[in-house]
Amino acid sequence: MRIAFVQTNVRFGEVETNVRKAADRILGSNADLFVLPELFNTGYYFLDRSEAEGLAEEIPSGETCRVLAKVAKEKSCFIVAGLAEKAGNRLFNSSVLIGPEGYSTTYRKIHLFDEEKLWFDPGDTPFFVIDIGMCKIGMMICFDWIFPESMRSLALQGADVICHSANLVLPYCQDAMVTRCLENNVFAITANRIGSDVRDGGKLDFTGKSQITAPGGKILARGSLDSEQVRVVDINLSAARDKCINSRNHLFNDRRPEMYFYNNFSLLNRKANKIPPD
Ligand code: ACM
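An account of the accompanying structure is given in this report. This is a predicted model, so every value here is computed, not measured.

### Some remarks on the sheet that holds strand β3 (residues 78-87)
- What the six strands build is an open sheet, ordered β5-β4-β3-β2-β1-β14; its pairing is mixed. Two strands lie at the open edges of the sheet, namely β5 (102-108) and β14 (229-234), each paired on one side alone. Each strand of the sheet is rotated relative to its neighbour by a mean of 30°, with strand direction disregarded.
- For strand β1 (residues 2-7) and strand β2 (residues 33-35), the ladder comprises three bridges, and the chain directions are parallel. Bridge pairing in β2 places F5 opposite V35.

Structure below.
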């Protein structure tokens, strides 16, 4: 299977240009699965919720999904792309999965970062995995990475490849994805953007360095800090399906959820207060 990230620069608010550019990048490449950045069509740094609402689209009837569906059909590929979603009077920072047969599903960002809390509603559906035939994929968006539970939830549900649309502003994620892929034995495609959003005196710089990371934590491709690019990598999915670390240790079967804090608050509380178990 061939997987790819599409690292783009984005001009804030110039949806048609941004979508066309990303579409052309996909049309000029060959892969089974492409991942585009978070909010790849609008830009990231909204001034307020009403501006986000003005640029948000309904899924899948909006123009961005329409163009991506056309490209996915023409290239016979799957595309995961981040965009602002309008759903009635709710707004989500979402990513869509679109394939050769058209629109498939939407993930709504669960962990909103900083001012995103002013612009969007938090995702209202749990992490899920979807079987696209050649593999099972999970979707997450940018800041979701900082919560290990995000990728763990996807991996425990059987995801082989994590599609991670991002607009990273902190420099830690790319290195952290090495650990996330090591601890879950999955592939991850982090598609980040480059450039800056300069809005009303404020400026946000995005950190590029999109990355494809393999089970075991090996970096298969890393983009540059400041240029647009598509990187395609051939992967062998069997690497994500064997969760054995050695003959005695299994990444998932050796977990001890009954010993973990959130499942056993009263026991830990007893220990902390030196109360013997019942
Ligand atoms: C982020 O979640 N876009 C930093």
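Here the narrative resumes, following the displayed structure.
### Thoughts on the sheet that holds strand β9 (residues 187-191)
- Taken together, six strands build an open sheet; the order of strands is β6-β7-β8-β9-β12-β13 and the sheet is mixed. Here the strands that pair on one side only, and so sit at the sheet edges, are β6 (129-131) and β13 (219-222). Taken over all neighbouring pairs, the strand axes of this sheet differ in orientation by 20° on average, direction set aside.
- Here strand β8 (residues 161-165) runs beside β9; their pairing, made up of five bridges, is parallel. Looking at the pairing, H164 lines up with T190 of β9.
- Helix α5 (residues 148-156) contacts β6, β7 (136-141), β8 and β9 of the sheet and is inclined by roughly 165° relative to β7.

### Details of the pairing of β9
- Burial of β9 is extensive: five of the five residues sit out of reach of the surface.
- Along β9, one buried face is formed by F187, I189 and A191 and the opposite face, lined by A188 and T190, is buried too.
- Regarding topology, helix α6 (residues 173-184) serves as the crossover connection from β8 to the parallel β9, and that connection is right-handed.

### Some remarks on the packing of α5 against α6
- Running from N to C, α5 and α6 point in directions that differ by 35°, and their axes come no closer than 10 Å. Between α5 and α6 lies a crossing of right-handed hand. Of α6, the residues touching α5 (which contributes P148, M151, R152 and A155) are M177, R180, C181, E183 and N184.
- For the contact of α5 with α6, the per-class residue count stands at five nonpolar, one polar and three charged.

### A few points about the side chain of T42
- With respect to the helices and strands, T42 occurs in the loop between β2 and α2 (49-55).
- Among the residues examined, T42 registers a relative accessible area of 0% and is labelled buried.
- Residues in contact with T42, not counting those within four places in the same chain, are V10, R11, F12, G13, V15, N18 and L55.

### Quick notes on α6
- For α6, built from 12 residues, the straight-helix expectation of 16 Å at 1.5 Å per residue is met to within 8% by its first-to-last C-alpha distance of 16 Å.
- C173, Q174, A176, M177, R180, C181 and N184 are the residues of α6 that are buried. Seen from one end, α6 has its buried residues packed into an arc of 145°, which puts them on one side.
- Taken together, the buried residues of α6 touch β7, α5, β8, β9, β12 (211-213) and β13.
- Looking one or two places after α6, you find N185, whose phi comes out positive at around 50°.

### Points about the pattern of salt bridges
- Applying the stated rule across the entire model yields 18 salt bridges.
- Between R222 and D175 there is a salt bridge, and its shortest N-O distance comes to 3.1 Å. Taken as a pair, R222 in strand β13 and D175 in helix α6 lie far apart in primary sequence, 47 residues in all.
- The shortest N-O distance in the salt bridge between E183 and R180 comes to 2.9 Å. A residue pair is termed a helical-turn pair when its members lie 3 or 4 positions apart in one helix, as E183 and R180 do in helix α6 at three residues.
- Residue classification places E183 among the partly exposed positions, given a relative accessible area of 25%.
- Within this structure, E85, R90, R108 and D124 form a network of salt bridges that share partners.

### Points about the packing of aromatic side chains
- One pass over the structure, following the stated rule, counts 10 aromatic pairs.
- With a centroid separation of 5.6 Å and 75° between ring planes, the pair formed by F12 and F46 is classed as edge-to-face. Taken together, the positions of F12 in the loop between β1 and α1 (15-27) and F46 in the loop between β2 and α2 put the pair 34 residues apart, joining distant regions of the chain.
- Taking 5.5 Å as the distance between ring centres and 85° as the angle between the ring planes, the aromatic pair formed by F143 and F147 counts as edge-to-face.
- Overall, the relative accessible area of 17% leaves F143 in the buried class.
- By way of ring pairs, the aromatic residues F12, Y44, Y45, F46, W119, F120 and F206 are connected into one cluster.

So, how was this worked out
Residues numbered from 1 in each chain as written. Predicted model: local features only at pLDDT ≥ 70, side-chain atom pairs only at ≥ 80, totals over all residues. Heavy atoms only, no water. Pairing = 2+ DSSP bridges. Helix = DSSP H or I, 4+ residues; strand = E, 2+ residues; numbered from the N terminus. Axes fitted to C-alpha atoms, helices over the stretch in contact; angles between N-to-C directions. Contact = heavy atoms within 4.5 Å. Buried < 20%, exposed > 50% of the residue type's maximum accessible area, 1.4 Å probe, protein only. Right-handed = clockwise from strand over helix to strand, strands pointing away. Left-handed = near helix turned anticlockwise from the far one by under 90°. Nonpolar A, V, L, I, M, F, W, Y, C, P; charged D, E, K, R; others polar. Expected span 1.5 Å × (residues − 1). Arc of directions from axis to C-beta. Salt bridge = Lys/Arg side-chain N within 4 Å of Asp/Glu carboxyl O. Phe/Tyr/Trp six-rings, centres within 6.5 Å; stacked < 30°, edge-to-face > 60°.

Note that all results are geometric; they support no functional claim without further evidence.
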